[in-house]
Amino acid sequence: MPAEIIRISPERPEPTIIAQAAALIRAGQLVAFPTETVYGLGANAFDENAVAGIFKAKGRPAADPIIVHCAEELPADVVDWSQLSEAAQRSAQALQAAFMPGALTLVLPRGGRIPPIVTAGLPSVGVRMPSHPVAQALIRASGVPIAAPSANRFAHTSPTTAQHVYADLADQIALILDGGAAQVGVESTILDLCGERPRLLRHGGVPLEALQACLARSGLPAHIEVVTRYVAEPSDALPASGMLLKHYAPRAALTLYESADDTRLRAALGAQARRLAAVERVGLLIAAEDAPFLADLPNTCTEVVGSLSDLAGVAHNLFAALRRLDDHGVTVILARSFPAAGIGAAVRDRLIRAASGRLVHL
Ligand code: TXA
Ligand code: MG
């Protein structure tokens with residue numbers, strides 16, 4: 001039976017719907033739910049069999065650890081605080097106070113009640129407190145932390161609406177809570193605090209600059225090593241599957257165009273779109289500022305994801321735009337890149353991976 005989709009208020013989630021979803025979580029079932037970043041595919045994080053169901057539903061490799069979602073604190077059976085250095089504990093406290101609940105995941109020592117399957121056998125666990133009222137209510141009503149990856153088929157574009165989840169996973173899960181479009185639109189930032197220095201594993205909803213500023217403000221060492229990498233094949237040594245070069249990918253082959261010169265960039269996109277339009281159905285992913293220069297191209301479907309001066313807006317629209325281009329049946333996508341400052345770093349990262357490395361520098 002395909003998944004049931006139930007509408008739920010994103011501001012004031014109806015308690016009866018939350019109770020129904022929480023009962024499924026406690027019974028070891030999978031429930032997809034909205035968070036402020038992207039939709040998650042949730043299971044009881046303490047239940048090994050339920051978590052195995054997540055891997056199966058997504059077609060996710062067992063070596064790829066899953067983030068555990070808590071409501072308001074990080075209890076000792078989820079995070080083993082005693083294994084963390086004092087310096088790292090201070091950093092965790094400062095970051096928690098500033099960004100949790102929110103779009104930040106901290107990698108910390110794994111607590112005793114989290115089964116190894118959740119963390120792919122790692123001694124660490126990724127923990128996050130989503131701020132979305134539906135996610136908060138679901139975790140509280142379930143009475144257990146919820147393990148949840150993004151609710152898409154493995155390596156596909158992440159879901160920012162319930163319809164995206166349905167398109168990828170309808171046959172795999174019982175229930176999808178539909179709380180409307182996810183606000184941030186890209187996943188959480190992942191920061192690993194288990195080593196000697198903080199390491200950024202994935203750009204996301206909380207900008208790197210904001211993490212650095214928070215640590216500096218708190219009088220803590222503010223240097224964060226950025227270890228987001230682009231690797232071609234999955235391997236055991238990978239700190240985050242988001243490091244795979246091919247990830248977040250639409251069906252159509254995407255090429256990313258980068259240039260410091262917008263005029264050159266637009267000329268190249270326009271010329272390439274015209275060239276390809278003879279043999280392909282072309283998708284263009286561009287900024288509002290580009291649109292006047294790239295109108296009326298033949299056999300081309302255009303997605304304007306937002307203004308160059310509003311990268312949060314671009315992040316919000318990005319994944320939905322990629323899915324719409326696929327839905328329109330485009331066979332190739334030509335995308336412009338966006339400035340890598342603030343949340344723009346996450347946008348650029350997702351586009352590089354969606355392009356599986358097909359980058360054109362002008
Ligand atoms: O915004 C988000 O983080 C969303 C929502 C649903 O919360 N979740 C999400 O999960 O993006 P997922 O599974 O699609 O990506 C989680 C990433 C993976 O790349 C995984 O490798 C990494 O987090 N990760 C999880 N636990 C880790 C750990 N202990 N050490 C290193 N990386 C970890
Ligand atoms: Mg994902």
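Residues numbered from 1 in each chain as written. Chains lettered and ligands numbered in written order. Predicted model: local features only at pLDDT ≥ 70, side-chain atom pairs only at ≥ 80, totals over all residues. Heavy atoms only, no water.

Some words on the sheet that holds strand β8 (residues 175-178)
Keep this limit in mind: Strands are treated as partners if at least two bridges between them are detected by DSSP. Secondary structure elements follow DSSP: runs of H or I of four or more residues count as helices, runs of E of two or more count as strands, with numbering from the N terminus. Only heavy atoms matter for contacts: two residues are in contact if any of them lie within 4.5 Å across the pair. Axes here mean lines fitted to C-alpha atoms, for a helix over just the part in contact, with angles spanning 0 to 180 degrees between N-to-C directions.
Strand order in the open sheet formed by eleven strands is β1-β8-β2-β3-β7-β4-β6-β5-β9-β10-β11, and the pairing between neighbours is mixed. Strand pairing shows two members of the sheet lacking a second neighbour, β1 (4-7) and β11 (225-226), which therefore form its edges. As defined by bridge partners, strand β10 (residues 199-202) adjoins β11 across two bridges and the pair is classed as parallel. Paired with L200 across the strands is V226, a residue of β11. Contacting β3 (40-44) and β7 (146-147), helix α2 (residues 48-58) crosses the sheet at an angle of about 155° to β3.

Re the domain arrangement of the protein
Note the following rule: Where each domain begins and ends is defined by an automated method or by a domain database. Note on terms: buried area is the combined drop in 1.4 Å-probe accessible area of two parts once they are placed together, counting the loss on both. A pairing counts as a salt bridge when a side-chain nitrogen of Lys or Arg comes within 4 Å of a carboxyl oxygen of Asp or Glu.
We note that the domain assignment places domain 1 (4-226) and domain 2 (253-361) within the protein. Once you take the C-alpha centre of each, domain 1 and domain 2 turn out to be 29 Å apart. When domain 1 packs against domain 2, close to 1400 Å² is buried across both sides, 56% of that on carbon and sulfur atoms. Broken down residue by residue, the surface that domain 1 buries against domain 2 is led by T157, V186 and H203, which jointly contribute 35%. On inspection of domain 1 and its partner domain 2, the count reaches two salt bridges. Its salt-bridge partner being E187, residue R350 comes within 2.8 Å of it at the nearest N-O pair. By residue number, the principal contributor to the side of domain 1 that touches domain 2 is helix α5 (residues 162-169), which donates three residues.

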